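Spelled out, the chains give:
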Amino acid sequence: MHTEFDVIVVGAGHAGCEAALASARMGMNTALLSINLDTIAQMSCNPAIGGLAKGQLVREIDALGGEMAKVIDATGIQFRMLNTKKGPAVHSPRAQADKKSYQVSMKKRLECQDNLFLKQEIVDDLIFDGNKVVGLTGQSGLKYKSKAVILTTGTFLKGIIHIGNYITTGGRIGELSSEKLSDSLRNLGFEIQRLKTGTSPRLNGRTINYKNLKPQYGDENPRPFSFSTETLHCTQVPCYITYTNPATHEIVTSNLNRAPLYTGQIRTAGPRYCPSLEDKIVRFPDKLQHQIFLEPEGPDTLEVYCNGISTSMPHDIQEQIVHSIEGLESAEIVRYGYAIEYDFVPPTQLKPTLETKLVECLFLAGQINGTSGYEEAAAQGIMAGINAALKIQGKESFILGRSEAYIGVLIDDLVTKGTQEPYRMFTSRAEYRLLLRQDNADRRLMKYGHRYGLISEQQWSKLLKKERAIEETLAYLNNKMAGSDTLAKILSRPEQTFDQLRNRDAELARRNIPMDVQEQVEIEIKYKGYIERQYSQIKKFKKMEDYKIPNGLDYSSISEIRKEARQKLSHIRPLSLGQASRISGVSPADISILMIYIAKKGALNGQINSPK
C-alpha cells in the first residue's frame, strides 16, 4: 500500500485541486484525499467561474500555472467580460460552466498528473512529531506519512444542513461530513469557530416559462480565461433574468417564524455580500424586487440554478417562493435550497504562506480559512501547494504582496485582519487595482510560475515575445510624429482607439500587432499618469513592507504601545511595519512607537532596521 508521501492534501474542492497540482508539478510525491472522488471540483453553489474581482483571481491563478482557467475554457458554455462600460481596472471575466463537464475534466487532469495519487478517505486525525505534522490517520484505520499536510476541507468540518426545521449532518446535501478532524485541531490549541453559507433551489428547465424573461447572452467575441488558450470552442447559451416581487416578499415575511435564520436554529454569521433571500428582504424592506439569474447547469441537463434566492426556508415555503416569481409559476424544484453551518479556523492563526503558526508544515486553504467562493479557494490552494513544496525543499517562501496581485490582497486580508463572516473578494479591496488588472496578470505573475516550474518554456517564451512587442510598439508610438503630435499623444485622447490609429499610419498597420499587445499599449498610454501615480504610491508602501519586524519581538515589553495594540500585535505576529499598520486596533501612533523601538534595538545590536 502506498501511504508515504511528501505532501498530503485533504479535500478535493477547488482549493485542494490547485494545491495538489502545484505540489505534484514541483516534484513532490503528493496524495489528494477526498471523502468522495466522484465529487472532485464540485460546484456546490452556482455553475460559474469568475465575476467581479473573482475573474482577476482566476487569471492570476493561471499566470502562476494553475488549472482553473484552463478547465473553464474547455468546459464553459457562456463567456462575458463584466464592467466593460467602466475603466480597465474593474473589467472582470466570467463564464458559465457545464457543471458536470468541469468536474470530470478537472478530475481527469488530476488523474493524469505525474507524482499525484488520488485516495478516497475520510481523515479523522493528524499525526505529529513535537509541533510538526508528519502524517494523518484515516477513518479506514490507515496511517499516511508525509512531510507536509494541506487542509482544504471546505464546508465539511462538522457540517450541519438546515431546510426549515429539518436538520442533518453533511458537508453538502446528501454527502458525509468530517466529524473528528476539527476536534483534532481544537485539541492542539487552535481556535475553531463556525460560519454559515447557503445555496438556492434548482429547477427543471422544461417547466420554466422563458417567454417574458430577459435573456443574457455571452460576448460576441468571447475571450478565454487562460493565457494559454488560443481560441474558445463552445456554443454559447443564454442565462435569463427575472425578479422577486411584493408577493414573494410577503411569503417570506409572513413565514419568518419557520425560517432557521430567524428562529434561533442557525446562530452563525452568513455571507454579508451574498445573503439569503430571507436576509435581503428583512434587511432591505423598502426594496420591492431582487434580481434572479437563471443559470443553466450544462448542455446535457435541463437543471437550472436560481442565483439570487439562496434560502433555508421549509420545502413548502420554497415552493411558494418559486411559484410567485415571473416565469417560474409552474416550475418544478428538483433540488431545494439549504443553509449549511461548518467549522473554520480563524485565519489570523496563519502565516502569510498559509502555514499555521502553531504547527509546522501544516497549511490551510479555502473555506477552512473563512472565505467563500471557488476562486478565492483556488487562489489559496495554489499558494499553499507552492509553499508546502518550498518548505520541504528548504527554499524561501513565496508571498505575494498587496501591490502585486489580488491573491496578495486576499491572503494579507485574511492573516492580518481575520474575518467574522465568509470573506469575498471585491475590486475595492485592492488599493492598486489599476495595476492589478485581469488583462496583465501574465505580465505580473508568470515569472513566479516559471520560477517554480509551473509554467512551460513554451508559455514563458510566448510571454517574452509579447513583452518585446509591447516595448517596440510603445517606442514606435512615442517617437513617430503625425503632424505636431506623436502617435502616442494622439492615442492618449479618450475618443481615440488603437484601430483608428492604425488607419492613420501605414507602418503601424503593416506591423500586424496582436490584439493583446494592442490592448496593453493602449492602456499604458491612456492611463499613463494614473499608472505612474500608483507606482509612486507603491514605492512608499514598500518602504513600510520592507521594514521588517524581528522574529520573537516581545510586544508586551513595549509599554508605550496601547494594551489593545500589544495584544493584537502579539496575536498576529506581523512580519513588517506595513502588515502591522493594517491590523485592526493598531493606530498610526502605535506604529510610530514600534518603529522607534525597533530602530533603537537595531542600533544597540549594531543592525539598524530602517525603511529602504
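Remember, it's a predicted structure, so these values are computed and weren't measured experimentally.

Chemist: Could you clarify how one ought to interpret the overall build of the chain in this entry?
Modeler: Helices and strands together make up the secondary structure of the chain, namely 21 helices and 23 strands. A compact globule built from 612 residues would reach a C-alpha radius of gyration of about 25 Å, and the chain, at 25 Å, matches this within 12%. Seen through its C-alpha atoms, the chain measures out along the principal axes to roughly 70 × 65 × 55 Å. Within the chain, the proportion of its 612 residues that are buried is 56%. Within the chain, contacts between residues at least 6 apart in sequence are counted, and of these 73% link residues at least 24 apart. Charge centroids of the chain, computed over 78 positive and 69 negative side chains, lie 5 Å from each other.

Chemist: Sorry, what's going on with the environment of K539 here?
Modeler: Structurally, K539 is set in helix α18 (residues 528-546). Residue classification places K539 among the exposed positions, given a relative accessible area of 61%. Remark: the alpha-carbon pair of K539 and S403, spanning 136 residues in sequence, is separated by 9.7 Å.

Chemist: What should I look at first to understand helix α1 (residues 14-25) in this one?
Modeler: The α-helix winds at 3.6 residues per turn, so residues separated by three or four positions along the chain end up facing the same way. Relative to the 16 Å expected for twelve residues at 1.5 Å per residue, α1 spans 17 Å between its end C-alpha atoms, a close match to the ideal helical length. Taken across its twelve residues, α1 has eleven buried, putting it largely inside the fold. Burial in α1 covers these residues: H14, A15, G16, C17, E18, A19, A20, L21, A22, S23 and A24. Trailing α1 by a residue or two, G27 shows a phi angle of about 90°, which is positive.

Chemist: Can you walk me through the packing of aromatic side chains in this structure?
Modeler: Describing an aromatic ring pair means giving the distance of the ring centres and the angle of the ring planes. One pass over the structure, following the stated rule, counts six aromatic pairs. A ring pair is formed by Y527 and Y530, whose centres lie 6.4 Å apart and whose planes are at 50°; its orientation type is tilted. Looking at Y527, the relative accessible area reads 26%, which means it is partly exposed. Members of the aromatic cluster, each reached through a chain of ring pairs, are F398, Y448 and Y452. Looking at R511, its charged tip hangs above the ring of Y476, at a distance of 4.2 Å from the centre.

Chemist: Before we go on, may I ask you to explain the pairing of strand β2 (residues 30-34) in this structure?
Modeler: The side chains of a regular strand alternate, first on one face of the sheet and then on the other. With five of five residues buried, β2 is to be regarded as a mostly interior element. Residues T30, L32 and S34 of β2 are buried on one face, and the alternating residues A31 and L33, pointing to the opposite face, are buried as well. Direction of pairing for strand β1 (residues 7-10) relative to β2: parallel, over a ladder of four bridges. Of the residues in β2, the one forming a bridge with V9 is L32.

Chemist: Quick question: what am I supposed to make of the sheet that holds strand β20 (residues 338-344) here?
Modeler: Taken in spatial order, the four strands make up an open sheet running β12-β11-β20-β13, and their pairing is antiparallel. If you trace the sheet from one side to the other, it starts and ends with β12 (166-169) and β13 (193-199), each paired once. Strand-to-strand twist of the sheet, defined as the mean angle between neighbouring strand axes without regard to direction, takes the value 25°. Of the pairings in the sheet, the one linking strand β11 (residues 160-163) to β12 comprises four bridges and is antiparallel in character. The residue bridging I160 from the neighbouring strand is T169, located in β12.

Chemist: Mind showing me how you'd approach the side chain of S23 here?
Modeler: With respect to the secondary-structure elements, S23 resides in helix α1. When its relative accessible area of 0% is taken as the criterion, S23 is described as buried. The residues touching S23, leaving out its near neighbours within four places in the chain, are V7, M28, T30 and G385.

Chemist: Would you mind showing me how to read the pattern of salt bridges here?
Modeler: Close approach of charged atoms lets side chains of opposite charge pair. Taken as a whole and assessed by the stated rule, the structure comprises 43 salt bridges. Ionic pairing is found between K147 and D6, a salt bridge with its closest N-O pair at 3.2 Å. Of the two residues, K147 is situated in the loop between β9 (143-145) and β10 (148-151) and D6 in the segment before β1; the sequence distance between them amounts to 141 residues. On the basis of relative accessible area, K147 is assigned to the partly exposed category, the value being 45%. Here D6 falls in the buried class, since its relative accessible area comes to 15%. Of the charged contacts, one joins R562 and D590 as a salt bridge, the two residues approaching to 2.7 Å between their closest N and O atoms.

Chemist: Can you walk me through the pairing of strand β7 (residues 123-129) in this structure?
Modeler: Bridge count between β7 and strand β8 (residues 132-138): six bridges; the pairing is antiparallel. Paired with I127 across the two strands is G135, which belongs to β8. The turn joining β7 and β8, which pair antiparallel and follow one another in sequence, is formed by two residues; a positive phi near 70° is taken by G130.

Chemist: When you look at the packing of α1 against helix α4 (residues 99-112) in this model, what are you seeing that I'm missing?
Modeler: To characterise two packed helices, one gives the angle between the axes of the helices and the distance between these axes. Their axes nearest at 11 Å, the elements α1 and α4 cross at an angle of 25°. For the element pair α1 / α4, the angle class is roughly parallel. As α1 runs across α4, the sense of the crossing is left-handed. Facing H14, C17, E18 and L21 of α1, the residues of α4 in contact are Y102, M106, R109 and L110. When the residues that make up the contact of α1 with α4 are grouped by side-chain class, the tally is five nonpolar, one polar and two charged.

Chemist: Please clarify how unusual backbone geometry should be interpreted in this entry.
Modeler: The phi angle of most residues is negative, glycine excepted, and most peptide bonds adopt the trans form. Positive phi is not limited to glycine here, since C361 has a value of about 70°. Topologically, C361 is positioned in the loop between β20 and β21 (362-364). In the Ramachandran plot, N512 falls in the positive-phi region, its phi being about 50° despite a non-glycine side chain. Positionally, N512 belongs in the loop between α16 (506-510) and α17 (515-526).

Conventions adopted
- Residues numbered from 1 in each chain as written.
- Predicted model: local features only at pLDDT ≥ 70, side-chain atom pairs only at ≥ 80, totals over all residues.
- Heavy atoms only, no water.
- Helix = DSSP H or I, 4+ residues; strand = E, 2+ residues; numbered from the N terminus.
- Rg over C-alpha atoms; globule rule 2.2 N^0.38 Å.
- Buried < 20%, exposed > 50% of the residue type's maximum accessible area, 1.4 Å probe, protein only.
- Contact = heavy atoms within 4.5 Å.
- Lys, Arg positive; Asp, Glu negative; His and termini not counted.
- Charge placed at Lys NZ, Arg CZ, Asp CG, Glu CD.
- Expected span 1.5 Å × (residues − 1).
- Phe/Tyr/Trp six-rings, centres within 6.5 Å; stacked < 30°, edge-to-face > 60°.
- Lys NZ or Arg CZ within 6 Å of the ring centre and 35° of its normal.
- Pairing = 2+ DSSP bridges.
- Axes fitted to C-alpha atoms, helices over the stretch in contact; angles between N-to-C directions.
- Salt bridge = Lys/Arg side-chain N within 4 Å of Asp/Glu carboxyl O.
- Parallel < 35°, antiparallel > 145°, perpendicular 65-115°, else oblique.
- Left-handed = near helix turned anticlockwise from the far one by under 90°.
- Nonpolar A, V, L, I, M, F, W, Y, C, P; charged D, E, K, R; others polar.

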